[in-house]
Amino acid sequence: MQTVLLHLMIQCALWSLMAIGGNTVAIGDIHRYTVVDMHWITDAQFVAFFALSQALPGPNGMFLVFIGQQAAGLPGALVALLAKLVPCSVLAYVGAGWLEKHTQTPWVQRVKRSLLPISIGLILASTYILMNSLENNTTSLVLTLASAAVVYYTRLNAIWLIIFGVVLGLGSAWLGVNWF
């Protein structure tokens, strides 16, 4: 158990530092490590934990707490929580003052501009990983793409799509058919 807690602490601290603006950029590595390498959770659990953390109030990286709990119980959840929050909080506290003083320097401006395409690429990779983790049939893939199109092209709040998905999933289970 101590080995699991040590691995969890180190990885969550690294993801915390990697994902100052949000864990979306680190999802690929989190998935690789927790699902593929360590086998702490399954693909379906990964997607469920991520979706739940997006729906709950608070930082979106709290799905690491769910992963920590799955990997090592309550101690794992606490280690993941502290390792997620402390490093990025310290870096943000220390770095904010420094960045405010140096924000107009040319090299800081270049670094900030260069991080944008990297972040976009990591977010697209995360989207691909999440879709591959859950989309195991054509119906689910079509619903995912249709939901993305509705969110992109309309002003409809995404919560209505989530509710619709829950109703479809419950209806599918209630009817005893395996649509999703």
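Everything below is about the structure printed above this text.
Numbering of residues begins from 1 in every chain and follows the order in which that chain's sequence is written. The model is predicted, so local features are restricted to residues of pLDDT at least 70 and side-chain atom pairs to those at 80 or more, both for listing and for counting; the totals for chains, interfaces and linings are taken over all residues. Working from all heavy atoms in the structure, the side-chain values ignore hydrogens and water.

(A) Summary view of helix H4 (residues 63–102). In DSSP terms, a helix is any run of H or I states spanning at least four residues, a strand is any run of E spanning at least two, and both are numbered starting from the N terminus. A helix is expected to reach a length of 1.5 Å times the quantity of its residues less one. Helix length check: H4 (40 residues) gives 34 Å between terminal C-alpha atoms against 58 Å at 1.5 Å per residue, more than 12% under. Here the bend at a residue means the angle between the axes of two seven-residue stretches, the one that ends at it and the one that starts at it. Most pronounced at Ala72, the bend in H4 amounts to some 145 degrees, and the proline Pro75 follows within four residues.

(B) Main features of the environment of Tyr93. Position of Tyr93 relative to the elements: it lies in helix H4. Taking the C-alpha atoms as reference points, Tyr93 and Gly22, separated by 71 residues in sequence, lie 16 Å from one another.

(C) Geometry of the layout of surface pockets. Buriedness of a pocket was judged along seven lines, with at least five required to meet protein on both sides within 12 Å; pockets are open sets of points on a 1 Å grid over the protein atoms alone, cavities are sets where a 1.4 Å probe fits but cannot get out, and lining residues have an atom within 4 Å of a point. Grid points are joined across faces, edges and corners, and a volume is the space filled by probe spheres set on the points. Space inside the second largest pocket adds up to approximately 260 Å³. In terms of lining, the second largest pocket is formed by 12 residues, of which the most central are Gly95, Trp98, Leu99, Lys112 and Leu115. Listed by contribution, the elements that provide at least two residues to the lining of the second largest pocket are H4 and helix H5 (106–134). The element best represented in the lining of the second largest pocket is H4, accounting for 6 residues.

(D) Spatial organisation of the environment of Phe49. For Phe49, the location among the structural elements is in helix H3 (residues 43–55). Whether a residue is buried, partly exposed or exposed follows from its accessible area with a 1.4 Å probe, protein chains only, as a fraction of its type maximum: under 20%, in between, or over 50%, in that order. The exposure class assigned to Phe49 is buried, which follows from its relative accessible area of 15%. A sequence separation of 56 residues divides Phe49 from Thr105, and the C-alpha atoms of the two residues are 40 Å apart.

(E) Structural view of the side chain of Thr103. Residue placement: Thr103 occurs in the loop between H4 and H5. Whenever a nitrogen or oxygen atom comes within 3.5 Å of another N or O atom, the pair is scored as a polar contact, on the condition that within protein one atom can donate a hydrogen and the other can accept it, and that pairs from neighbouring residues in sequence are kept only if both atoms are in side chains. Within the local environment of Thr103, its side chain forms a polar contact with the side chain of Lys112, the two groups lying 3.4 Å apart. With near-sequence residues (within four places) excluded, Thr103 lies in contact with Val108, Gln109 and Lys112. Any pair of residues with heavy atoms lying within 4.5 Å of one another is described as a contacting pair.

(F) Representation of a nonpolar patch on the surface in the model. Note that patches include only residues with greater than 30% relative accessible area and no salt bridge, and the join distances are 9 Å for like charges and 5 Å for nonpolar side chains (Val, Leu, Ile, Met, Phe, Trp, Tyr). Computed by Shrake-Rupley with a 1.4 Å probe, the accessible areas treat only the displayed protein chains as cover when residues are assessed. Salt bridges are identified by distance alone: a Lys or Arg side-chain nitrogen within 4 Å of an Asp or Glu carboxyl oxygen. Residues Met18, Trp98, Leu99, Trp107, Val111, Leu115, Ile118 and Leu122 make up a contiguous nonpolar surface patch of about 740 Å² in total accessible area. At the level of elements, H4 and H5 are the ones that each hand at least two residues to the nonpolar patch. A per-element tally of the nonpolar patch places H5 first, with 5 residues. Considering the arrangement of structural elements, one finds Ile118 in helix H5.

(G) Geometry of the pattern of salt bridges. As enumerated under the stated definition, the model contains 2 salt bridges in all. A salt bridge links Arg32 to Asp29, with the nearest nitrogen and oxygen atoms 2.5 Å apart. One end of the pair is Arg32 and the other is Asp29, both in helix H2 (residues 27–37) and 3 residues apart, which spans about a single turn. With relative accessibility at 25%, the residue Asp29 sits in the partly exposed group. By relative accessible area, Arg32 is classed as partly exposed at 35%. Here the salt bridges share partners, and the residues they tie into one network are Asp29, Arg32 and Asp37.

(H) Just unusual backbone geometry, in detail. Of note, the phi angle at His39 is positive, near 55 degrees, even though the residue is not glycine. Accessibility expressed as a relative area gives 61% for His39, which makes it exposed.

(I) Region of the structure containing the packing of aromatic side chains. Here the aromatic set is Phe, Tyr and Trp, taking the six-membered ring for Trp, and pairing holds for ring centres within 6.5 Å; pairs whose planes are under 30 degrees apart are stacked, those over 60 apart are edge-to-face, and all others are tilted. Applying the stated rule across the entire model yields 7 aromatic pairs. Judged by centre distance (5.7 Å) and plane angle (80 degrees), the rings of Tyr33 and Trp40 are edge-to-face. For the pair Tyr33 and Trp40, one class covers both residues: buried. The interplanar angle of 85 degrees and the centroid separation of 5.4 Å between the aromatic rings of Phe50 and Phe63 together place this pair among those described as edge-to-face.

(J) Seen up close, the packing of helix H1 (residues 2–18) against H4. Closest axis-to-axis distance for the H1/H4 pair is 7 Å, and the angle between their directions is 40 degrees. In terms of crossing hand, the pair formed by H1 and H4 is right-handed. The residue classification treats Ala, Val, Leu, Ile, Met, Phe, Trp, Tyr, Cys and Pro as nonpolar and Asp, Glu, Lys and Arg as charged. All others, Gly included, are polar. Among the residues making up the contact of H1 with H4, the classes are represented as 18 nonpolar, 3 polar and 1 charged. Interaxial angles span 0 to 180 degrees and are taken between N-to-C directions of axes, which are lines fitted to C-alpha atoms, for helices over the stretch in contact. Handedness of a crossing is defined here by the sense of rotation of the near helix relative to the far one, left-handed for an anticlockwise turn of less than a right angle and right-handed for a clockwise turn.

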